[in-house]
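Analysis of the macromolecular model
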Amino acid sequence: MTSPQRIGRFHPAVILMALDAFGLVVASYLSYVELQGQLPYCGPLSGCETVALSEYAKVGGVPVAVFGVGLSITLFVFAFIWWRTNETWALAIHYGLSLVGTLFEVYFTFVELFVIHAVCIWCALYGISLVARFLVALWVWTRRPKGEGATA
C-alpha cells in the first residue's frame, strides 16, 4: 500500500482525527447538557434553547448529540487505524460513515432552518466539522492510486 498524499506536512488521517476529536468534544458537551436536563449555553447567540427543546432534539428518547458522540468516536477509530496501517478499507469506512453523517446533517440543518426556525451554534459547529471530515476523506479517496481500495 502506498502512502496517501499529504495535506501540508500532515498525513490526512491526522487531520481527520483532529476534526473527529473536535466533533467529539462538541457532541459530548451537548449530550452531557441534554442528559442532565439542562439547555446548552449559547452566549449572546440564540436558538440553542429552541432547538434543544424541540421534538427533533431526540430520536427514540435519545438526544441526537449522543449519536454524534458515537459517530465521532467511530470515525476517530477508523482514521487512527488508517493512519497507523495505511489500509484503504479504514479510509473507505471513514469516508462512507462521514457521508452518511453529512446526509443526516443536511436533514437536521433543514429542520433547524425551515421547521424549528432556530439554529443552534453548537449543532452548526458539529455539522461544519462533519462536512469537513467528509470533504477531507473524499479528497483523499478520489486521489488514491488506481486499483487501491477497489474492494473496500
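A look at the overall build of the chain
- When helices and strands are tallied, the chain shows 5 helices and 2 strands.
- Starting at the N terminus and ending at the C terminus, the chain contains elements arranged as α-α-β-β-α-α-α.
- Seen along its three principal axes, the alpha-carbon backbone of the chain occupies a region of about 50 × 30 × 25 Å.
- Relative to its full complement of 152 residues, the chain shows a buried share of 39%.
- Summed over its atoms, the accessible surface of the chain is roughly 8,500 Å², and 68% of this surface lies on carbon and sulfur atoms.
- Across the chain, the mean location of the 8 positive side-chain charges is 16 Å away from that of the 8 negative side-chain charges.

Some words on the state of the cysteines
- Scanning the entire structure with this criterion turns up 1 disulfide.
- Between the sulfur atoms of Cys-42 and its disulfide partner Cys-48 the distance amounts to 1.6 Å.
- Residue classification places Cys-42 among the buried positions, given a relative accessible area of 8%.
- Free cysteine: Cys-120, not disulfide-bonded; nearest cysteine sulfur from Cys-123 at 3.1 Å.
- Since its relative accessible area comes to 2%, Cys-120 is described here as buried.
- Residue Cys-123 is classed as partly exposed on the basis of its relative accessible area, which comes to 22%.

Conventions used here
Residues numbered from 1 in each chain as written. Predicted model: local features only at pLDDT ≥ 70, side-chain atom pairs only at ≥ 80, totals over all residues. Heavy atoms only, no water. Helix = DSSP H or I, 4+ residues; strand = E, 2+ residues; numbered from the N terminus. Buried < 20%, exposed > 50% of the residue type's maximum accessible area, 1.4 Å probe, protein only. Areas by Shrake-Rupley, 256 points an atom, 1.4 Å probe, with all protein chains shown as cover. Lys, Arg positive; Asp, Glu negative; His and termini not counted. Charge placed at Lys NZ, Arg CZ, Asp CG, Glu CD. Disulfide = S-S within 2.5 Å.

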